[in-house]
Amino acid sequence: MICTEITANGNYFALTDYKNARAWGYIGDGTYHPLQEWVNSGKFTGLVAIQAVYPKVTSLTQSIDWAAIQTMVDHCAGETCFIPKGVGVITDSVYSPTGTRLRGCGGKFEMWALDLTKGTVVKTYGPGKPRRLTDIDGNDPADDTAMFIAAGRSVYFENFAIMSDDWSMGMFFPSVRQCGFTQMLAYGFTDSPCYLDATNSTRNTTMCLLNPEIVHDGGMNEFSGTDFYFRTSAP
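Conventions used here
Residues numbered from 1 in each chain as written. Predicted model: local features only at pLDDT ≥ 70, side-chain atom pairs only at ≥ 80, totals over all residues. Heavy atoms only, no water. Helix = DSSP H or I, 4+ residues; strand = E, 2+ residues; numbered from the N terminus. Expected span 1.5 Å × (residues − 1). Buried < 20%, exposed > 50% of the residue type's maximum accessible area, 1.4 Å probe, protein only. Pairing = 2+ DSSP bridges. Axes fitted to C-alpha atoms, helices over the stretch in contact; angles between N-to-C directions. Phe/Tyr/Trp six-rings, centres within 6.5 Å; stacked < 30°, edge-to-face > 60°. Lys NZ or Arg CZ within 6 Å of the ring centre and 35° of its normal.

Details of helix α3 (residues 64-75)
- Over its 12 residues, α3 runs 16 Å from end to end, which matches the ideal 16 Å to within 8%, given 1.5 Å per residue.
- Counting buried positions along α3 gives 10 out of 12 residues, so the element sits mostly inside the fold.
- Among the residues of α3, those classed as buried are I64, D65, W66, A67, A68, I69, Q70, T71, M72 and V73.

Some details on the sheet that holds strand β4 (residues 94-96)
- Across the sheet, 4 strands lie side by side as β4-β7-β10-β12; this open sheet has parallel pairing. Each edge of the sheet is formed by a strand with only one pairing partner; in this case those strands are β4 and β12 (192-196). Along the sheet, successive strands turn relative to each other by an average axial angle of 15°, direction set aside.
- Strand direction decides the pairing type here: β4 and strand β7 (residues 146-150), joined by 3 bridges, are parallel. Its bridge partner lying in β7, V94 is registered against F148.

Describing the packing of aromatic side chains
- Overall, the coordinates contain 13 aromatic pairs when judged by the stated rule.
- Pairing Y32 with Y125 gives two aromatic rings, centres 4.0 Å apart and planes at 10°, and the pair type is stacked. With Y32 in the loop between β1 (19-20) and α1 (36-41) and Y125 in the loop between β6 (120-124) and β7, this pair connects stretches of sequence that are 93 residues apart.
- Here Y125 falls in the partly exposed class, since its relative accessible area comes to 41%.
- Between the aromatic rings of F181 and F230, the centroid separation amounts to 5.6 Å while the plane-to-plane angle is 40°, which identifies the pairing as tilted. Of this pair, F181 sits in strand β11 (residues 179-188) while F230 sits in strand β13 (residues 223-232), placing them 49 residues apart in sequence.
- Using a relative accessible area of 25% as the deciding quantity, one classes F230 as partly exposed.
- Members of the aromatic cluster, joined through ring pairs, are F148, F157, F160, F173, F181, F223, F228 and F230.
- Directly above the aromatic system of W38 lies the positively charged group of K43, at a separation of 4.2 Å from the ring centroid.

Digging into the pairing of β6
- Most of β6 sits inside the fold, with 4 of its 5 residues counted as buried.
- With 3 bridges connecting them, β6 and strand β9 (residues 161-164) associate as parallel partners. Across the sheet, V122 pairs through a bridge with I162, a residue of β9.

Notes on the pairing of β11
- For β11, a buried count of 9 out of 10 residues is recorded, marking the element as mostly surrounded by other parts of the structure.
- As paired strands, strand β8 (residues 156-158) and β11 are joined by 3 bridges and run parallel to one another. Bridge assignment links Y156 to a residue of β11, and that residue is G180.
- Judged from the 4 bridges that link them, β9 and β11 form a sheet pairing that is parallel. For M163, the partnering residue across the bridge sits in β11 and is Y187.
- The sheet contact formed by β11 and β13 spans 9 bridges and is parallel. Its bridge partner being in β13, A186 is matched across the sheet by F230.

In structure tokens:
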């Protein structure tokens, strides 16, 4: 799917450079739209039919926006993927695979007034699916909820805003190399808008078994973060 968005500085994106979440059904109107809506409308006959197109879907209560983003980055792994202007609502973590750059149309919402009318914003709905992403003391609880997870090396998040009142992490970077973000805004999160972790690594067999979606890359982080603004609710 081509991208027809224009950035804040007026630069026009090349039509063939970006994969657009709209092609996968992304709505982005700030409202929770469960996959059940597609069944009700007759777009799909049921869960099995949806899974044929969106393989990581497990429930009709998951949001359409999440399914669109996750399937886009999986299908277009290693490419630049685009979330258009609007407010996306996700119910599950997005695992961004190796070499994938996830880009928005500007993280321009007004941080203090929480004005969501500008740029690309992604927010959470519901409790997510808590799991164990860290191994700090050898017995960490399975209570981590991360919005965007770098699931391999060379993953980058760029030019959009993320927010959650009750999920623990905005962007989670395990032991993967050459990853980072730029021009990101983040609001909320009970632990951190950006969490760097060295325990979820190839050196930790337990974490590898618990997180098979992540392609670990050694026992360290290689990370860059530039031009960002975070306002956290962490203690």
